[in-house]
Structure formats: C-alpha cells, structure tokens
2 protein chains.
Amino acid sequence: MHKIEELIELVSNEIDKLSFKGTPAELYEPIEYIMSQGGKRLRPILSLVACDMFGGDVIKSVTPAVSMEMFHNFTLIHDDIMDRAPIRRGLETVYKKWNANIAILSGDALFALAYEKLLAYENDNIIELIHLLNETAVGVCEGQQMDINFETQDNVSIDEYIEMIRLKTAILIGACLKAGAISAYADKKYQDMIYDYGENIGLAFQLMDDLLDVYGNEEKFGKTPGGDIRENKKTYIYLKCIEIASEEDANKLKDYFSGKEFDESEKLQAIKALFEKYNIKAITEELMDEYYKKAMEILEQIPCEDKTELLRITDLIMHRDH
Amino acid sequence: MHKIEELIELVSNEIDKLSFKGTPAELYEPIEYIMSQGGKRLRPILSLVACDMFGGDVIKSVTPAVSMEMFHNFTLIHDDIMDRAPIRRGLETVYKKWNANIAILSGDALFALAYEKLLAYENDNIIELIHLLNETAVGVCEGQQMDINFETQDNVSIDEYIEMIRLKTAILIGACLKAGAISAYADKKYQDMIYDYGENIGLAFQLMDDLLDVYGNEEKFGKTPGGDIRENKKTYIYLKCIEIASEEDANKLKDYFSGKEFDESEKLQAIKALFEKYNIKAITEELMDEYYKKAMEILEQIPCEDKTELLRITDLIMHRDH
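None of these values were measured; they are calculated from a predicted model.

S.K.: Any chance you could explain the overall build of chain A here in plain terms?
M.R.: Secondary structure assignment for chain A yields 16 helices and two strands. Against the 2.2 N^0.38 benchmark of 20 Å for 322 residues, chain A shows a C-alpha radius of gyration of 20 Å, consistent with a compact globule. Here chain A holds 322 residues, and 61% of them are scored as buried. The long-range fraction of contacts in chain A, counting pairs at least 24 apart against all pairs at least 6 apart in sequence, stands at 74%. Just so you have it, chain A exposes about 13,500 Å², and 47% of that area is on carbon and sulfur atoms. Within chain A, one finds 36 positive and 60 negative side-chain charges whose respective centroids are separated by 2 Å.

What follows is the structure, given as structure tokens:
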C-alpha cells in the first residue's frame, strides 16, 4: 500500500509532465494556466487510492486519474463562465483573465485532451474507463443545468438540491474511485460499491463546500466567503433554514434572496444571524455525517484488506477547512 | 457499392433513431433540436462513402459516422455563441433560441454523447477512431480560436486564413473520410491519403461557403447573405481583394471592414462592386479548383476499384448552391 503522500506526489509529477504548449496561444495558455494551479487534486488522488486498495498498479492508473483531473478542470472553466465567477483557487478565472469565448474554446479543447490522455492508458479495460468518463460528463452537465435552473426557480426542494449536487459534484468523486477500481480490475460489484461510497462522500464534500462558503477563511478557501449568499444561491443551508424557520424569518430570508438590492455586508450579517438562530451549521453537519455513515456502511462490505489510506483521505475531506 | 442515396437514408434513419430525451429539459431539448434539423449531413455520408469504397461494412460504420455528425453539431452550438449568430440552417441557433449558458452546456453534453455513440461501434479498431476524434476536436478548437483572433488581428495573411479554415473545417472532412477508411480496415497509408483528399475538398468546401455568403440565395443557404461582410470577417475573398486591388481600393475596403458604422446595404453594394472590379469570384473559384485538383491527384493513387460515389458526392460539394 502507498501512503496518500506518495500518491499526491505521483499525481503531481504526472501533471507537471503535461505540456500544453501550442498555437494559437490563446487556446493553450488558459489550459496551462488552470492545470498548473494545483488545487487539491483530490480526484486523481482518490482514484489512485482506490486503485491501490484493490491491488492495482498505481503507476499505470495515474493516466486515467490525471485524465479525470483534466476533465474536472474543463468543467471548472465552463462553470466559471456560466456563474460569472471572477476568482477560483485564489486566482482569476479563465473567463475573467481572458474572456468568455476563450474560456468556451479552451474548455472544449481540454475536454478533448482529457480523452486523449485517457487513451494513453492502453489497457484492455480502457473502454470501461471511456464509458465512465462519458457517462460522468453527461451527468455533470445535467447537474450544472439544474443549478442554473435553480437561479430562477422559485420552489427548489431539498431533494432537488441534493440531486443537483449529486450530479454536479458527487458522481465525479464516485467516478474517480471507480476508475481506480476498474484499472485495478476489481470485481464489477465492488466497482459499483466504491462508486456509491464516493457519491456519498461527494455529497458530504459539497455540503462542506456550502458551509465553507459561509464560514470559511478567505485566504484558505481561495475565494471571498459569502459568495453563495451574494449570488442568492439556494444551497442546502438556505433551503433548510427556510424549511424550519418561523414564517416571518423564512419570508425575511426569501426577501434577501429575491434579487433585490441590499447593502452587501448588512445582508451577509443578517443571513448569518438567521442561520445561527436556527442552528443551521450543526444541522448541515448532521446531514454530512449521515452521508459519511452511509459511505462507511458501504465500505465495510468491500472486502479489501487495507482501507487505511482511503479512510485517511476521506477524513481529510470531511475535516477540511478549504 | 452503395449509391449515395442509400447512404443518405442509412445516416438519416440512424439519426432519427437517436433519442435525446432526458432531464433537465433545458439540457436535452437543444440537443434534440439541432440534431433533428437535418442539414446536409455531408460528414457522416462522406464517412460511409469512404467506408464503402474501401470495402467496409457501412451498417457497422454508421455508428462512427453519426458520432462525427454529433461532434459537428456540438461545434456549431458553441461556434454560434462565439459568433453571436442568430440563424443557422434557416432556424434560430441554440444560443439565440435559449441562451449562452444553455448553449455551452448542451454543447458539452452533446460532445460527451458523441464519444458515447462512438463506443457503440464496438470493434477492435475503436481506439483509432477515438484518437481521430480527439485529435480532430483539438484541431477544430485551434481553428476556431484563430478565427476569433482574426477579428482583432490587423494583418491576417492569406496563408494564415487557409490554415484557419484547414483546422476549423477541412480536417473534419478529412477525419470523416478517414473514419470510414479505418472502419473498413483500410491500409494505414490509404487512411492518410483519404484524409488528405478530404482536407483538400474541405478547403474548397469552405471557400465555396465564403462565396455563398456573398453570392448565395438566402432561402437555400439558410442564412442572410453578406453576413461575413457585415461582421467584417477577413475571408479569402476579402484578403485576396486587398492583395490585388489598387492602394486606393484596398484602403476603401479596409475602411469598410474597420468596424466603423456604415449603412448596411450601401456597404454591401460597395464591397460587391469592388469584388467584381477585381474579378474575385473567379479567382476564388480558381483556388477552389486547385484544391480540387490536388484532391484528385491523391485519389488517383488510391487503388480502389470503384470511386464513383466519392466522385459524385465530391461533385455535389463543389457545385452546391447552399
């Protein structure tokens, strides 16, 4: 078994080796830019941890793992256009640093390059990996479209929100773990179980992200906190508060999220106060914990000898502060 | 050998069988919309013609052929955002009918679905086809980026323009023919030759498109003529005219394309008059003919018995009015 730290280095070396030089520069520089930013690189690392856990060859598996990271970065480039997000990982987004057209095109090219990277894997189960990437890509698009719809949709239910983050975020976590299991030639049954494990961890991961957006430290989180509140994003935190608050408080909250003009810091303070009043942070953490427990129940049924590193990285995800 | 007419029907039936139902509707309806528009479906037909010419199984090959058409439609959805094009094939573009975000996402999903369609091909040379699609996709992005750059680039050379249309348009024609040759298990040498044939025909095809944009019939062409002139697109027609016109006329032309405000129909008339003065239509047709001849020289060296249908469809491309 490899320690996470070794796998982080493996991923990092593999990404450093990638070169996105080419012409026209306007197409390749944004790709080089986003791929060299680092970020947590959680997805390829999870992929290698799963591969290792199922007794696979992590050196071979680093290729599909990095392909998944390339795919992830492509989705970020496009999401940031749609969200008009200026900052990501503490740096200007591609959309902001260049423009929307360049972000569309460099994203498209990175998507194709992710498939080309995957082909470098060259094993007899590669079709399974390509199918997984296709399926995941379509699901992520569905999730992102739901997210966009929610902006103008009045009655978003908590179930719909969970389905949206499942598609937009959690299935990619599941897919990365499954990719590792596929490349380790794990039993199909366990491939699906590790996917489900990842989906549950992914849901907890996104709820954590929503919490960090309200309570996170700007420097560590890489973006200005309160972004979801400023943009009136209907996250679980908001939806749950609407559900349990008094009618008066719920209406107050809805009014703040209605798109009317408010003084920004006043709005942020008022909403945080409402979240505090209804203990929303703890309730969200409880839900995160439910998903965590579901994941653990699934993992128990997977008969791998050594689950230490998967548990370690899961723990890092659950207790991250950025 | 199958007649083009049979292959058109084969492609058309296969596309009719595709179903893009799914939720959220905002993601899938634009895909259904663009895929059911028809258009000439030249690319998958070329692919099947090549497959047939090399003795392949056109029934099997219809899967990669249609995948190429799906890829092509994805590029159209994204191009129309970047070009802010309201009309395509006589209908509103996805960007215009819905919005830019929906066009970005439904394009992304269609790109992934094109790869998934390709997987349905299920033959031992599928990796070659996926590699071809990857490579083509990256090239098309490069071409589109060059096209965008030209909008603000002062001195676009004719060579640069040809390189741009080679990447943006011609390589996909080449790739479709090559995909047919691959699925027919043609010799690698002939796969590359039919690609080169397609590239040359593709260059002629795009020059024809540029001519049709100035001289085409609106109803047949599916978009309002003069679009390139209105948008100050530096096509071959424009660049060649600048090259051979008197200094005075060249400056006049440059001035019209400088982005200043002009009365639209006056501008169109003045520019058409300049093109006429320098016989630009005939000069462009000469260049088209050069590419056509190059293509024919290549085709002569491919030892297929019956090239009738490829020559027929090539002839249709060279003499099309829309």
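S.K.: How should I be thinking about the pattern of salt bridges in this particular structure?
M.R.: For the coordinates displayed, the defined rule picks out 42 salt bridges over all chains. A salt bridge links Glu 32 of chain B to Lys 21 of chain B; its shortest N-O distance comes to 3.6 Å. Of this pair, Glu 32 of chain B sits in helix α2 (residues 25–35) while Lys 21 of chain B sits in the loop between α1 (4–17) and α2, placing them eleven residues apart in sequence. Relative accessible area serves as the criterion here: at 66%, Lys 21 of chain B is assigned to the exposed category. Each member of the salt-bridge network shares a partner with another, and the members are Lys 3, Glu 5, Glu 309 and Arg 312 of chain A.

S.K.: Please explain the side chain of Asn 232 of chain B as it appears in this structure.
M.R.: All names here are of chain B. Here Asn 232 shows up in the loop between α11 (227–230) and α12 (236–244). Reaching out from Asn 232, the side chain makes a polar contact with the side chain of Lys 267 at a distance of 2.6 Å. When neighbours within four sequence positions are excluded, Asn 232 is seen to be in contact with Tyr 256, Phe 257, Gly 259 and Lys 267.

S.K.: I tried to follow the relation of the copies chain B and chain A on my own but got confused; where do I start?
M.R.: One copy of the chain maps onto the other through a rotation about an axis followed by a shift along the same axis. Here chain B sits on chain A after a turn of 180° about the axis and a move of 0.0 Å along it, with an RMSD of 0.0 Å. Each copy turns onto its partner about a two-fold axis. When you check the interface residues of chain B against chain A, 100% turn up at the interface there too, and the contact is symmetric in its surfaces.

S.K.: Just checking my understanding: could you explain the packing of aromatic side chains for this structure?
M.R.: Each aromatic ring pair is specified by the distance between its two centres and by the angle formed by the two planes. Scanning all chains against the criterion turns up 16 aromatic pairs over all chains. Seen in terms of ring centroids, Phe 111 of chain A and Phe 111 of chain B are 5.1 Å apart; in terms of plane orientation they differ by 80°. Their pairing is edge-to-face. Note that Phe 111 of chain A is positioned in helix α6 (residues 100–119) and Phe 111 of chain B in helix α6 (residues 100–119), a pairing that runs across two chains. The same class applies to Phe 111 of chain A and to Phe 111 of chain B, which are both buried.

S.K.: Any chance you could explain the side chain of Asp 213 of chain B here in plain terms?
M.R.: Checked against the element boundaries, Asp 213 of chain B lands in helix α9 (residues 188–215). There is a polar contact of 2.7 Å between the side chain of Asp 213 of chain B and the backbone nitrogen of Asp 228 of chain B.

S.K.: Can you walk me through the interface of chain B and chain A in this structure?
M.R.: Interfaces are often sized by the amount of accessible area the parts lose when they come together. Listed as interface residues are 35 residues of chain B and, on the opposing side, 35 residues of chain A. Roughly 3,200 Å² of surface becomes buried between chain B and chain A when both sides are summed, with 72% attributable to carbon and sulfur atoms. Elements that contribute at least two residues to the side of chain B that touches chain A include exactly α2, α4 (58–82), α6 and α7 (126–152) of chain B. For the side of chain B that touches chain A, the residue count by class is 23 nonpolar, eight polar and four charged.

S.K.: Would you mind showing me how to read the environment of Asn 149 of chain A here?
M.R.: Structurally, Asn 149 of chain A is set in helix α7 (residues 126–152). Residue class for Asn 149 of chain A comes out buried when judged on its relative accessible area of 15%. Setting aside anything within four residues of it in sequence, one finds Asn 149 of chain A in contact with Pro 24 and Glu 26 of chain B.

S.K.: Looking at this structure, how should I read helix α13 (residues 247–256) of chain A?
M.R.: Turn by turn, an α-helix covers 3.6 residues, leaving residues three or four places apart pointing in a common direction. All names here are of chain A. Among all positions of α13, only Asp 249, Ala 250, Leu 253 and Tyr 256 are buried. One face of α13 carries all of its buried residues, which in axial projection span an arc of 125°. Those residues of α13 that are exposed and aimed more than 90 degrees away from the buried face are Glu 247 and Glu 248. In the core, the buried residues of α13 are packed alongside α12 (236–244) and α14 (264–277).

S.K.: What should I look at first to understand helix α3 (residues 42–53) of chain A in this one?
M.R.: All names here are of chain A. The first and last C-alpha atoms of α3 sit 16 Å apart over twelve residues, in line with the 16 Å expected at 1.5 Å per residue. The element α3 is largely enclosed, with a buried count of twelve among its twelve residues. Three or more residues of α3 are buried, namely Leu 42, Arg 43, Pro 44, Ile 45, Leu 46, Ser 47, Leu 48, Val 49, Ala 50, Cys 51, Asp 52 and Met 53. For α3, the elements touching its buried residues are α1 (4–17), α4 (58–82), α8 (158–183), α9 (188–215), α15 (280–300) and α16 (308–318). Two residues or fewer past α3, Gly 55 is found with a positive phi of approximately 80°.

S.K.: I would appreciate a short explanation of the confidence of the model for chain A in the present structure.
M.R.: Reading predicted coordinates in detail is not appropriate for stretches of low pLDDT. The predicted model of chain A averages 95 in pLDDT, with 99% of residues at 70 or higher. We note a pTM of 0.97 for the whole complex and an ipTM of 0.96 for its interfaces.

S.K.: Sorry if this is basic, but what is going on with the packing of α7 of chain A against α8 of chain A here?
M.R.: Describing two packed helices takes the angle between their axes plus the distance from one axis to the other. Residues and elements named next belong to chain A. As a packed pair, α7 and α8 sit with axes 8 Å apart at the nearest point and diverge in direction by 165°. If you check the angle between α7 and α8, you find them roughly antiparallel. α8 is crossed by α7, and the crossing has left-handed handedness. Contact residues: Glu 128, Leu 129, Leu 132, Thr 136, Gly 139, Val 140, Glu 142, Gly 143, Gln 144, Met 146, Asp 147 and Phe 150 in α7; Glu 160, Tyr 161, Glu 163, Met 164, Leu 167, Lys 168, Ile 171, Leu 172, Ala 175, Lys 178, Ala 179 and Ile 182 in α8. Across the contact of α7 with α8, the residue classes break down as 13 nonpolar, four polar and seven charged.

S.K.: Is there a simple way to explain the packing of α12 of chain A against α13 of chain A in this structure?
M.R.: All names here are of chain A. Running from N to C, α12 and α13 point in directions that differ by 145°, and their axes come no closer than 7 Å. Taking contact as the criterion, the partners of Tyr 238, Cys 241 and Ile 242 in α12 are, on α13, Ala 250, Leu 253 and Lys 254. A class-by-class count of the residues in the contact of α12 with α13 yields five nonpolar, no polar and one charged.

S.K.: What is the right way to read unusual backbone geometry from this model?
M.R.: Keep in mind that most residues, glycine aside, have a negative phi and that most peptide bonds are trans. Of note, the amide linkage connecting Thr 23 of chain A to Pro 24 of chain A takes the cis form, showing an omega dihedral of -5°. Phi is positive for Arg 89 of chain B, which is not a glycine, with a value near 50°. You can see Arg 89 of chain B is positioned in the loop between β1 (87–88) and β2 (91–92). Taking relative accessible area as the criterion, Arg 89 of chain B reaches 25% and is therefore assigned partly exposed. Despite not being glycine, Asn 279 of chain B shows a phi value in the positive range, around 60°.

S.K.: Mind showing me how you'd approach the state of the cysteines here?
M.R.: One covalent bond between the sulfur atoms of two cysteine residues makes up a disulfide. Applying the stated criterion across every chain yields a total of zero disulfides over all chains. You can see Cys 176 of chain A has no disulfide; the closest cysteine sulfur is in Cys 51 of chain A, sitting 13 Å from it. On the basis of relative accessible area, Cys 176 of chain A is assigned to the buried category, the value being 0%. A disulfide-free cysteine, Cys 141 of chain B has its sulfur positioned 15 Å from the sulfur of Cys 141 of chain A, the nearest such atom. Given the relative accessible area of 7%, Cys 141 of chain B is considered buried.

About the cut-offs
- Residues numbered from 1 in each chain as written.
- Chains lettered and ligands numbered in written order.
- Predicted model: local features only at pLDDT ≥ 70, side-chain atom pairs only at ≥ 80, totals over all residues.
- Heavy atoms only, no water.
- Helix = DSSP H or I, 4+ residues; strand = E, 2+ residues; numbered from the N terminus.
- Rg over C-alpha atoms; globule rule 2.2 N^0.38 Å.
- Buried < 20%, exposed > 50% of the residue type's maximum accessible area, 1.4 Å probe, protein only.
- Contact = heavy atoms within 4.5 Å.
- Areas by Shrake-Rupley, 256 points an atom, 1.4 Å probe, with all protein chains shown as cover.
- Lys, Arg positive; Asp, Glu negative; His and termini not counted.
- Charge placed at Lys NZ, Arg CZ, Asp CG, Glu CD.
- Salt bridge = Lys/Arg side-chain N within 4 Å of Asp/Glu carboxyl O.
- Polar contact = N/O pair within 3.5 Å; in protein donor to acceptor, adjacent residues only side chain to side chain.
- Least-squares fit on C-alpha atoms with pLDDT ≥ 70 in both.
- Phe/Tyr/Trp six-rings, centres within 6.5 Å; stacked < 30°, edge-to-face > 60°.
- Buried area = accessible area lost by both parts, 1.4 Å probe.
- Nonpolar A, V, L, I, M, F, W, Y, C, P; charged D, E, K, R; others polar.
- Arc of directions from axis to C-beta.
- Expected span 1.5 Å × (residues − 1).
- pLDDT = per-residue confidence, 0-100.
- Axes fitted to C-alpha atoms, helices over the stretch in contact; angles between N-to-C directions.
- Parallel < 35°, antiparallel > 145°, perpendicular 65-115°, else oblique.
- Left-handed = near helix turned anticlockwise from the far one by under 90°.
- Disulfide = S-S within 2.5 Å.

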